[in-house]
Amino acid sequence: GSIAHFFLNYAAKLVPATLAGLLRSSDIFWAYLIEIFVLMEHPKKATWWGVALVCSSLVMVLVASNEKSRNALKSLGSVGNLTAVK
């Protein structure tokens, strides 16, 4: 258990914070998949609505962070060009 936790923390240092946060936030999705396929229990309708809301929020955060990263890279590229001209 301790070694696995060490590697989990070490791996979290290697990926961007947004991706690590999304992976940790998606644990509810994986828990429901295990509940359905391993335990053979089917969630109620309200649970499915909750899963849909969590998944949609994860997608929105991922899209927003990708746009923010893209904009930051574009601004860095233009700054680099301006400093090269000087």
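Going by the structure above, here's the rest.
Cut-offs and rules
- Residues numbered from 1 in each chain as written.
- Predicted model: local features only at pLDDT ≥ 70, side-chain atom pairs only at ≥ 80, totals over all residues.
- Heavy atoms only, no water.
- Helix = DSSP H or I, 4+ residues; strand = E, 2+ residues; numbered from the N terminus.
- Buried < 20%, exposed > 50% of the residue type's maximum accessible area, 1.4 Å probe, protein only.
- 1 Å grid on protein atoms, 1.4 Å probe; cavity = no way out; pocket = protein on both sides within 12 Å on 5 of 7 lines; lining within 4 Å.
- Points joined across faces, edges and corners; volume = space filled by probe spheres on them.
- Nonpolar A, V, L, I, M, F, W, Y, C, P; charged D, E, K, R; others polar.
- Patch = residues over 30% accessible without salt bridge, like charges linked within 9 Å, V, L, I, M, F, W, Y side chains within 5 Å.
- Areas by Shrake-Rupley, 256 points an atom, 1.4 Å probe, with all protein chains shown as cover.
- Salt bridge = Lys/Arg side-chain N within 4 Å of Asp/Glu carboxyl O.
- Phe/Tyr/Trp six-rings, centres within 6.5 Å; stacked < 30°, edge-to-face > 60°.

S.K.: Tell me about the environment of Ser26, and name the residues and values.
M.R.: Turning to its location among the elements, Ser26 is positioned in the loop between α2 (17–25) and α3 (27–37). Look at Ser26 and you get buried, because its relative accessible area is 11%. Separated by 28 residues in sequence, Ser26 and Val54 have C-alpha atoms that sit 7.9 Å apart.

S.K.: Lay out the layout of surface pockets in plain terms, naming residues and giving numbers.
M.R.: Empty space within the largest pocket amounts to approximately 190 Å³. Contributing elements (two or more residues each) for the lining of the largest pocket: α2, α3 and α4 (45–85). Sorting elements by how many residues they give to the lining of the largest pocket places α4 first, with 4 residues. Here the residues of the lining of the largest pocket are counted per class, giving 9 nonpolar, 1 polar and no charged.

S.K.: I'd love a proper account of a nonpolar patch on the surface, names of residues and values included.
M.R.: The grouping of Ile3, Phe6, Phe7, Tyr10, Leu14, Val15, Leu19 and Leu23 at the surface amounts to a nonpolar patch, some 840 Å² of accessible area in total. Counting only elements with at least two residues in the nonpolar patch, the list comes to α1 (2–14) and α2. Per-element tally for the nonpolar patch: the top contributor is α1, with 5 residues. If you trace the backbone, Val15 turns up in the loop between α1 and α2.

S.K.: Could you give me a rundown of the packing of aromatic side chains, with the residues and numbers involved?
M.R.: Aromatic rings in a pair are described by how distant their centres are and how their planes are angled relative to each other. Across all of its chains, the model carries 2 aromatic pairs by this definition. Seen in terms of ring centroids, Phe6 and Phe7 are 5.4 Å apart; in terms of plane orientation they differ by 65°. Their pairing is edge-to-face. With a centroid separation of 6.3 Å and 15° between ring planes, the pair formed by Phe6 and Tyr10 is classed as stacked. Taken together, the residues span about one helical turn, with Phe6 and Tyr10 both in helix α1 at a distance of 4 residues. When its relative accessible area of 51% is taken as the criterion, Phe6 is described as exposed. Through pairs of rings, three or more aromatic residues link up here, namely Phe6, Phe7 and Tyr10.

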